[in-house]
Amino acid sequence: ETGVTQTPRHLVMGMTNKKSLKCEQHLGHNAMYWYKQSAKKPLELMFVYNFKEQTENNSVPSRFSPECPNSSHLFLHLHTLQPEDSALYLCASSHPREPQYFGPGTRLTVT
Amino acid sequence: DQQVKQNSPSLSVQEGRISILNCDYTNSMFDYFLWYKKYPAEGPTFLISISSIKDKNEDGRFTVFLNKSAKHLSLHIVPSQPGDSAVYFCAASARVDSNYQLIWGAGTKLIIKP
């Protein structure tokens, strides 16, 4: 399998649940990213990992917890989310200073 | 305040004609610009990029123009095809930023009419 994959594609969770989003890239990139896309808004960068080290946390609430066990895998652990966290969550990867390549996203609905 | 602005939320163009999508930026440190295309329920797909040392980059039907003095870039698609109907995002980065962050516009929805 090639490119950037994300699972699950759709997720509905209650505010008290704990769930995780998974991202895997098969492009040999060293940088991985989590973005949030809400309707009619620019993509919001959440986290950046370079060589498995987190280098950016864009003031993201602690109910979102990223994990990068290796350069190919990225997780976003979710707990006690709010309805306003419902959005499309996108994972991307890149070589340094090269275009980012995106996965298909996880459509998250918090009820 | 948004550093990258796409002021047209939507644009409708006749099939076969030229589509011109515009993007303005405010940060003079930006030196690398990208255009992405996004279909519903999919992630953005990289289309074309341009470095600030150039003022034009062409790839098939897609051409990006950069006007540094005006802090403006545009994407030209010619001829426009029905499959080009999508949301187009402009993004910019400053290569001095070691985190390689992209700053994104809000997108322009392009509709190609048959």
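Higher on the page you've got the structure.
Residues numbered from 1 in each chain as written. Chains lettered and ligands numbered in written order. Predicted model: local features only at pLDDT ≥ 70, side-chain atom pairs only at ≥ 80, totals over all residues. Heavy atoms only, no water.

Colleague: Explain the environment of H95 of chain A residue by residue, including any values.
Modeller: Residues and elements named next belong to chain A. Tracing the backbone shows H95 in the loop between β9 (87-94) and β10 (101-102). H95 gets classed as partly exposed once you look at its relative accessible area, which sits at 34%. Separated by 42 residues in sequence, H95 and E53 have C-alpha atoms that sit 15 Å apart. (Helix = DSSP H or I, 4+ residues; strand = E, 2+ residues; numbered from the N terminus. Buried < 20%, exposed > 50% of the residue type's maximum accessible area, 1.4 Å probe, protein only.)

Colleague: Give a description of the layout of surface pockets that names residues and reports values.
Modeller: Each pocket or cavity is described by its volume, and for the largest pocket that value is around 580 Å³. Residue lining of the largest pocket: 23 residues in total, with Q37 and K40 of chain A together with V87, F89 and A106 of chain B positioned closest to the centre. Among the elements that make up the lining of the largest pocket, the one with the highest residue count is strand β9 (residues 86-93) of chain B (3 residues). For the lining of the largest pocket, the class distribution of residues is 11 nonpolar, 6 polar and 6 charged. Approximately 400 Å³ is the volume attributed to the second largest pocket. (1 Å grid on protein atoms, 1.4 Å probe; cavity = no way out; pocket = protein on both sides within 12 Å on 5 of 7 lines; lining within 4 Å. Points joined across faces, edges and corners; volume = space filled by probe spheres on them. Nonpolar A, V, L, I, M, F, W, Y, C, P; charged D, E, K, R; others polar.)

Colleague: So, a nonpolar patch on the surface: which residues are in play, and what are the values?
Modeller: All names here are of chain B. A cluster of nonpolar side chains, namely I18, I20 and V78, defines an oily patch on the protein surface of about 230 Å² accessible area. By the secondary structure assignment, I20 is in strand β3 (residues 19-25). For I20, a relative accessible area of 36% gives the class partly exposed. (Patch = residues over 30% accessible without salt bridge, like charges linked within 9 Å, V, L, I, M, F, W, Y side chains within 5 Å. Areas by Shrake-Rupley, 256 points an atom, 1.4 Å probe, with all protein chains shown as cover. Salt bridge = Lys/Arg side-chain N within 4 Å of Asp/Glu carboxyl O.)

Colleague: An account of the sheet that holds strand β8 (residues 73-79) of chain A is requested, with residue identities and associated values reported.
Modeller: Residues and elements named next belong to chain A. Sheet architecture is open: 4 strands sit in the order β1-β3-β8-β7, paired in antiparallel fashion. The sheet terminates laterally at β1 (4-7) and β7 (64-70), the two strands that pair on one side only. The average angle at which neighbouring strand axes cross in this sheet is 20°, direction not considered. (Pairing = 2+ DSSP bridges. Axes fitted to C-alpha atoms, helices over the stretch in contact; angles between N-to-C directions.)

Colleague: Just give me the short version of the pairing of strand β4 (residues 32-38) of chain B, but keep the residues and values in it.
Modeller: It is a general feature of regular strands that their side chains alternate between the two faces of the sheet. Residues and elements named next belong to chain B. In terms of residue burial, β4 counts as a mostly covered element, since 7 of its 7 residues are buried. Burial along β4 is two-sided: Y32, L34, Y36 and K38 and F33, W35 and K37, pointing in opposite directions, are all buried. The sheet contact formed by β4 and strand β5 (residues 45-51) spans 6 bridges and is antiparallel. Following the sheet pairing, F33 is matched in β5 by I50. Between β4 and the antiparallel strand that follows it, β5, lie 6 residues; A41 among them carries a positive phi value of about 65°. In this sheet, β9 lies alongside β4 in antiparallel orientation, the contact comprising 7 bridges. Counted as the bridge partner of K38 is V87 from β9.

Colleague: Go over the pairing of β3 of chain B with me, naming the residues and quoting the values.
Modeller: Residues and elements named next belong to chain B. Here β3 shows one buried face, formed by S19, L21, C23 and Y25, and one open face, formed by I20, N22 and D24. In the sheet, strand β1 (residues 4-5) pairs with β3 via 2 bridges, with the strands oriented antiparallel. Counterpart to V4 in the pairing with β3 is Y25. Both β3 and strand β8 (residues 72-77) contribute to a ladder of 6 bridges, which runs antiparallel. Considered in β8, the bridge of C23 is made with L73.

Colleague: Summarise the packing of aromatic side chains; cite the residues concerned and give the values.
Modeller: Residues and elements named next belong to chain B. With the rule as written, the count across this model stands at 12 aromatic pairs over all chains. Arranged with centres 4.7 Å apart and planes meeting at 45°, the rings of Y25 and F33 form a pair that is tilted. Taken as a pair, Y25 and F33 share a single burial class, namely buried. An angle of 50° between the planes, with centres 4.9 Å apart, marks the rings of Y36 and W104 as tilted. Highlighted residues: Y36 in strand β4 and W104 in strand β10 (residues 103-104), separated in sequence by 68 residues. Since its relative accessible area comes to 0%, Y36 is described here as buried. (Phe/Tyr/Trp six-rings, centres within 6.5 Å; stacked < 30°, edge-to-face > 60°.)

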